[in-house]
Amino acid sequence: MDWLVKSAGQGFPNALYKYGEILYDSRQYDTAMVMYALAAAKGFKKAVKMFNDWVVPMAKQGIAEAQY
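The structure displayed is predicted, hence computed values, not measured ones. (Residues numbered from 1 in each chain as written. Predicted model: local features only at pLDDT ≥ 70, side-chain atom pairs only at ≥ 80, totals over all residues. Heavy atoms only, no water.)

*Asks:* Mind showing me how you'd approach the confidence of the model for the chain here?
*Replies:* The predicted coordinates of low-pLDDT regions are not to be read in fine detail. Mean pLDDT over the chain works out to 90, with 100% of the residues at or above the 70 mark. Mean pLDDT in the chain bottoms out at helix α5 (residues 64-67), which sits at 78, and peaks at helix α2 (residues 13-25), which reaches 95. (pLDDT = per-residue confidence, 0-100. Helix = DSSP H or I, 4+ residues; strand = E, 2+ residues; numbered from the N terminus.)

Next comes the structure, spelled out in structure tokens:
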């Protein structure tokens, strides 16, 4: 887990996505959204899909954390 967090902190898209998955499974949704957004911004396809399928609809519903 330490190496995953370090890799995510260095901006590796795969690590950002995987860390987002772990956070999501742990119900830490706010931080998971951030990890997915960062990985998606780097073009990581799985993160783009997750972001579009999960975060964008929440933002459209007015959920502030997703809008941010």
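*Asks:* Would you mind showing me how to read the nonpolar core here?
*Replies:* Inside soluble globular proteins, nonpolar side chains tend to come together where they are buried. Counting residues in each nonpolar core, the largest one holds 18 residues, and the members touching the most others are Tyr19, Met33 and Trp54. At six residues, the largest contribution of residues to this core is made by helix α3 (residues 29-41). Apart from residues no more than four positions distant in its own chain, Trp54 is found in contact with Tyr24, Tyr29, Ala32, Met33 and Tyr36. (Core = buried A, V, L, I, M, F, W, Y, C linked by side-chain atoms within 4.5 Å. Buried < 20%, exposed > 50% of the residue type's maximum accessible area, 1.4 Å probe, protein only. Contact = heavy atoms within 4.5 Å.)

*Asks:* Where do I start with the environment of Ala15 in this structure?
*Replies:* Relative to the elements of secondary structure, Ala15 occurs in helix α2. Taking relative accessible area as the criterion, Ala15 reaches 8% and is therefore assigned buried. Measuring from C-alpha to C-alpha, the distance between Ala15 and Gly62 comes to 29 Å, with 47 residues separating the pair along the chain. Setting aside anything within four residues of it in sequence, one finds Ala15 in contact with Leu4, Ser7 and Ala8.

*Asks:* How should the pattern of salt bridges be read in this particular structure?
*Replies:* When the charged atoms of two side chains with opposite charge come close together, those side chains can pair. According to the stated counting rule, one finds two salt bridges in the structure shown. A salt bridge links Glu21 to Lys18, with the shortest nitrogen-to-oxygen separation between them at 3.4 Å. Placement of both Glu21 and Lys18 in helix α2 is noted, with a separation of three residues, approximately one turn of the helix. Of the charged contacts in the structure, one is a salt bridge between Lys49 and Asp53, with a shortest N-O distance of 2.5 Å. Of the two residues, Lys49 and Asp53 both sit in helix α4 (residues 45-60), four residues apart, roughly one turn of that helix. According to the relative accessible area criterion, Lys49 is exposed, its value standing at 52%. (Salt bridge = Lys/Arg side-chain N within 4 Å of Asp/Glu carboxyl O.)

*Asks:* Sorry, what's going on with the layout of surface pockets here?
*Replies:* Empty space among the atoms can be located by rolling a probe the size of a water molecule over them. In this structure, the largest pocket occupies an estimated 160 Å³ of space. What lines the largest pocket is simply Asp30, Met33, Val34, Ala37, Phe51, Val55, Glu65, Ala66, Gln67 and Tyr68. Sorting the residues of the lining of the largest pocket by element identifies α3, α4 and α5 as the ones contributing at least two each. A breakdown of the residues in the lining of the largest pocket according to their chemical character gives seven nonpolar, one polar and two charged. (1 Å grid on protein atoms, 1.4 Å probe; cavity = no way out; pocket = protein on both sides within 12 Å on 5 of 7 lines; lining within 4 Å. Points joined across faces, edges and corners; volume = space filled by probe spheres on them. Nonpolar A, V, L, I, M, F, W, Y, C, P; charged D, E, K, R; others polar.)

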